[in-house]
Amino acid sequence: MGSTDIEENALIAQHVADHGHHRFQQVVYRGNPWDLSHLDPFAFFVEIEQNRRIVVMVIFSCHCFTHNPKHDVRKEEIPQDELYKTQNETRVLNEERYNLSKQLLLQIVKQLDGRHITVADAGRNFVTVEQLDQNGNTVYYGVFFEVEKSRHRGGHLILRVQTAYTLNSLNKRIKSARKVRFAVLMKAVFEGRTIRP
């Protein structure tokens, strides 16, 4: 391992340590413990142009494994042990979202550098992955995220995965939205430019 590799590994380790407070504690859903360590913050380098690499720090939201109580299909009151509370909101633990986060989410985010990203609106972007549900119907797993330049360590970007869930179909706006390479998107954010949908 060369000195550059060691320096880059040390830089990534420092960024991850700085964002350690974004880790989720284990939760218990209907008697089953959920290990959320796959949603721990992590960082990687992306080459935004030849010989110019920047760190992208990834942080996940609890929306990747919970849903809004307003969208809960149950008529009766939601059991207290199925609620997930943060400082800002109360959500409902969602088994489907949790399982998909374990099966697909981390892999998708780690492959973003090789994907074209659909620009949903200025500052909010998403990528979708097609998959088959149990009935053989086509459904989509949408991963919604935003990216901003860090205010503290100016040399890196923060990518927040806002939510991830299944979509039965893609609406017209999503289908017709602009697509860009991940590196192009990262470079624009790093330089303070906005990519329009």
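Here is what the cut-offs are and how they apply
Residues numbered from 1 in each chain as written. Predicted model: local features only at pLDDT ≥ 70, side-chain atom pairs only at ≥ 80, totals over all residues. Heavy atoms only, no water. Helix = DSSP H or I, 4+ residues; strand = E, 2+ residues; numbered from the N terminus. Buried < 20%, exposed > 50% of the residue type's maximum accessible area, 1.4 Å probe, protein only. Contact = heavy atoms within 4.5 Å. Areas by Shrake-Rupley, 256 points an atom, 1.4 Å probe, with all protein chains shown as cover. Disulfide = S-S within 2.5 Å. Phe/Tyr/Trp six-rings, centres within 6.5 Å; stacked < 30°, edge-to-face > 60°. Lys NZ or Arg CZ within 6 Å of the ring centre and 35° of its normal. Salt bridge = Lys/Arg side-chain N within 4 Å of Asp/Glu carboxyl O. Pairing = 2+ DSSP bridges. Core = buried A, V, L, I, M, F, W, Y, C linked by side-chain atoms within 4.5 Å. Expected span 1.5 Å × (residues − 1). Bend = angle between axes of the 7 residues up to and from the residue.

Peer 1: Any chance you could break down the overall build of the protein chain for me, citing the residues and the numbers?
Peer 2: Broken down by element type, the protein chain carries 4 helices and 12 strands. For the protein chain, buried positions account for 45% of its 197 residues. For the protein chain, the proportion of contacts with a sequence separation of at least 24, taken over those separated by at least 6, is 59%. Taken as a whole, the protein chain presents about 11400 Å² of accessible surface, with 44% of it coming from carbon and sulfur.

Peer 1: Pulling in residues and values, what's your account of helix α4 (residues 182-190)?
Peer 2: α4 sits mainly inside the fold: 7 of its 9 residues count as buried. Buried residues of α4: F182, A183, L185, M186, A188, V189 and F190, and no others.

Peer 1: Tell me about the state of the cysteines, and name the residues and values.
Peer 2: For the structure shown, the criterion picks out 0 disulfides. You can see C62 has no disulfide; the closest cysteine sulfur is in C64, sitting 8.3 Å from it. The class of C64 is buried, set by a relative accessible area of 0%.

Peer 1: Quick rundown of the packing of aromatic side chains? Include the residues and the values.
Peer 2: One pass over the structure, following the stated rule, counts 9 aromatic pairs. Taken together, the aromatic side chains of F42, F44, F60 and F182 make up a single cluster linked through ring pairs. Taking NZ or CZ as reference, K110 lies 5.6 Å from the ring centre of F42, over its face. The cationic tip of K149 hangs over the ring face of F190; the distance from NZ or CZ to the ring centre is 4.3 Å.

Peer 1: How would you summarise the pattern of salt bridges if you had to cite specific residues and measurements?
Peer 2: Once their charged atoms are close, side chains differing in charge can pair, the charge on each being opposite to the other. Tallied over the entire structure, the rule returns 9 salt bridges. Note that K187 and E49 form a salt bridge whose closest N and O atoms lie 2.8 Å from each other. A residue pair is termed long-range when its members are at least 10 positions apart, and K187 in helix α4 and E49 in strand β3 (residues 42-49) qualify at 138 residues. E49 sits in the partly exposed class, given a relative accessible area of 32%.

Peer 1: Give me the sheet that holds strand β7 (residues 90-93): which residues, what numbers.
Peer 2: If you trace the 3 strands from one edge of the open sheet to the other, you get β5-β7-β6, paired in antiparallel fashion. In this open sheet, the two strands that pair with only one neighbour each are β5 (66-67) and β6 (83-85). When β5 meets β7, the two strands line up antiparallel, connected through 2 bridges. When the sheet's bridge partners are listed, T66 is paired in β7 with L93.

Peer 1: Hey, could you go over the pairing of β7 for me, with residue numbers and the actual values?
Peer 2: Both β6 and β7 contribute to a ladder of 3 bridges, which runs antiparallel. The partner of Y84 across the bridge, within β7, is R91. Hairpin connection, β6 to β7: the antiparallel pair is bridged by 4 residues.

Peer 1: Any chance you could break down the nonpolar core for me, citing the residues and the numbers?
Peer 2: Core analysis: the largest hydrophobic core is formed by 47 residues, its most contacted members being F60, F65, L105 and M186. With 7 residues, α4 is the largest single contributor of residues to this core. With residues up to four places along the chain from it excluded, the contact list for F60 reads F24, H38, L39, D40, F42, L105, L106, V109 and V161. The next biggest cluster of nonpolar side chains, apart from the first, holds 7 residues, and it includes A120, Y140, F144 and I174.

Peer 1: Explain helix α2 (residues 95-110) residue by residue, including any values.
Peer 2: The first and last C-alpha atoms of α2 sit 22 Å apart over 16 residues, in line with the 22 Å expected at 1.5 Å per residue. Along α2, the sharpest change in direction is near 50° and occurs at S101. Turning to α2, its buried residues are R97, Y98, L100, S101, L104, L105, I108 and V109.

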